[in-house]
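Inside the fold
Residue-level listing of the chains:
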Amino acid sequence: MSGEDLLRARGLRVTRPRLAVLEVLDSARGHLDVDQIAAQVRQRLDSVSTQAVYDVLSALSRAGLARRIEPAGSPARFEARVGDNHHHVVCRGCGEIADVDCTVGEAPCLTPSQAHGFVLDEAEVTFWGLCPACQQRRREDQQ
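Numbering of residues begins from 1 in every chain and follows the order in which that chain's sequence is written. It should be noted that, the model being predicted, local features are given only for residues of pLDDT at least 70 and side-chain atom pairs only at 80 or more, the latter also being counted only at that level, while totals for whole chains, interfaces and linings use all residues. Side-chain measures were taken over the full set of non-hydrogen atoms in the model, leaving aside hydrogen atoms and water.

1. Structural notes on the overall build of the chain
Put simply, DSSP marks the helices as runs of H or I at least four residues long and the strands as runs of E at least two long, and each gets a number from the N terminus on. From N to C terminus, the chain includes five helices and six strands. For the C-alpha atoms alone, the extent of the chain along its principal axes is close to 50 × 45 × 25 Å. Across the 143 residues in the chain, those meeting the buried criterion constitute 34%. A contact between two residues is defined here by any heavy atoms of the two lying within 4.5 Å. The long-range fraction of contacts in the chain, counting pairs at least 24 apart against all pairs at least 6 apart in sequence, stands at 45%. As presented, the chain carries roughly 9100 Å² of accessible surface, and 46% of it is formed by carbon and sulfur atoms. Note on charges: Lys and Arg go in the positive column, Asp and Glu in the negative column, and His and the chain ends are not counted at all. For charged residues, the charge sits on one atom: NZ in Lys, CZ in Arg, CG in Asp, CD in Glu. Taken together, the 17 basic and 20 acidic charged side chains of the chain have centroids lying 3 Å from each other. A simple rule labels every residue: compare its accessible area, found with a 1.4 Å probe on the protein chains alone, to the largest value its type can have, and call it buried under 20%, exposed over 50%, or partly exposed in between. The Shrake-Rupley method, run with a 1.4 Å probe sphere, supplies the accessible areas, and residue values consider only the shown protein chains as cover.

So this is what it looks like as structure tokens:
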């Protein structure tokens, strides 16, 4: 489905900034912050403000076309992988983020000890550790 079709299917107006942000997210390797997205959007469009990129990302997130994640100590990151209730692993050393498929079965894929009357439909889990590159640097620093 094209970017225009995705926007229309979610009831959003088709605009050049929205199309450009969708394109950046679709082609991204990893989880981009707003500044990274804005820089890539500016390569595609003559000019666009950072605020406009924030606005587009907000609209896309509300419409389910982008996912916002907020690892502790990091700026918000965005990705195009939505709707599958996947999780993330974050490196404590360099901040690298990688996707982790749902840990057990289908969404919400984890069940809390008590739901307090809520009907659960999603679980958001962040695993923390050291990526291979940071592990190697730590080993080298210890020698």
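Following the structure, the description resumes.
2. Some thoughts on the sheet that holds strand β2 (residues 67–69)
In this scheme, strands are said to pair when DSSP sees at least two bridges between them. Strand order in this open sheet of three strands is β1-β3-β2, and the pairing throughout is antiparallel. Here the strands that pair on one side only, and so sit at the sheet edges, are β1 (32–33) and β2. In this sheet, strand β3 (residues 77–79) lies alongside β1 in antiparallel orientation, the contact comprising two bridges. Following the sheet pairing, Leu32 is matched in β3 by Phe78.

3. Focus: the environment of Arg16
Mapped onto the secondary structure, Arg16 falls in helix α2 (residues 16–27). Along the primary structure Arg16 and Arg44 are separated by 28 residues, whereas in three dimensions their C-alpha atoms are 9.4 Å apart. Those residues in contact with Arg16, other than ones at most four positions away along the chain, are Arg44 and Leu45.

4. Quick look at the sheet that holds strand β4 (residues 87–91)
Taken together, the three strands give an open sheet; going across it, the order is β5-β4-β6, and neighbouring strands pair in mixed fashion. Sheet topology places β5 (97–100) and β6 (126–129) at the edges, where each strand pairs with a single neighbour. In this sheet, adjacent strand axes meet at a mean angle of 25° when their direction is disregarded. Interaxial angles span 0 to 180 degrees and are taken between N-to-C directions of axes, which are lines fitted to C-alpha atoms, for helices over the stretch in contact.

5. Thoughts on unusual backbone geometry
A positive phi angle, close to 55°, is found at His116, a residue other than glycine. Note that His116 resides in the loop between β5 and β6.

6. Some remarks on the pattern of salt bridges
Any Lys or Arg side-chain nitrogen found within 4 Å of a carboxyl oxygen on Asp or Glu counts as a salt bridge. According to the stated counting rule, one finds six salt bridges in the structure shown. As a salt-bridge pair, Glu23 and Arg44 come within 2.6 Å of each other at their nearest N and O atoms. Here Glu23, found in helix α2, pairs with Arg44, found in helix α3 (residues 34–44); they are 21 residues apart in sequence, far enough to count as distant. On the basis of relative accessible area, Glu23 is assigned to the partly exposed category, the value being 43%. Between Arg81 and Asp99 there is a salt bridge; the shortest N-O distance is 3.5 Å.

7. Details of the nonpolar core
Buried residues of nine kinds, namely Ala, Val, Leu, Ile, Met, Phe, Trp, Tyr and Cys, make up a nonpolar core once their side-chain atoms join them within 4.5 Å. Judged by nonpolar contacts, the single largest core of 24 residues is most densely connected at Val21, Ile37, Val41, Leu57 and Leu60. Listed by contribution, the elements that provide at least two residues to this core are α2, α3 and α4 (50–62). Ranked by residue count, the leading element in this core is α2, at five residues. Each residue touching Ile37, except ones within four places of it in the same chain, is listed here: Val21, Val24, Leu25, Leu32, Val53, Leu57 and Phe78.

8. Some words on α2
Here, expected helix span is obtained from the residue count minus one, scaled by 1.5 Å. Taking 1.5 Å of rise per residue, twelve residues should cover 16 Å, and α2 covers 16 Å from first to last C-alpha, within 8% of that figure. All of the buried residues along α2 are Arg18, Ala20, Val21, Leu22, Val24 and Leu25. The inward-facing, buried residues of α2 contact α1 (3–9), β1, α3, α4 and β3. Two or three places before Arg18, at the opening of α2, Thr15 has a side-chain oxygen 3.2 Å from that residue's backbone nitrogen. We call two N or O atoms a polar contact when they sit within 3.5 Å, provided that within protein one can donate a hydrogen and the other can accept it, with sequence-adjacent residues counted only if both atoms are side-chain atoms.

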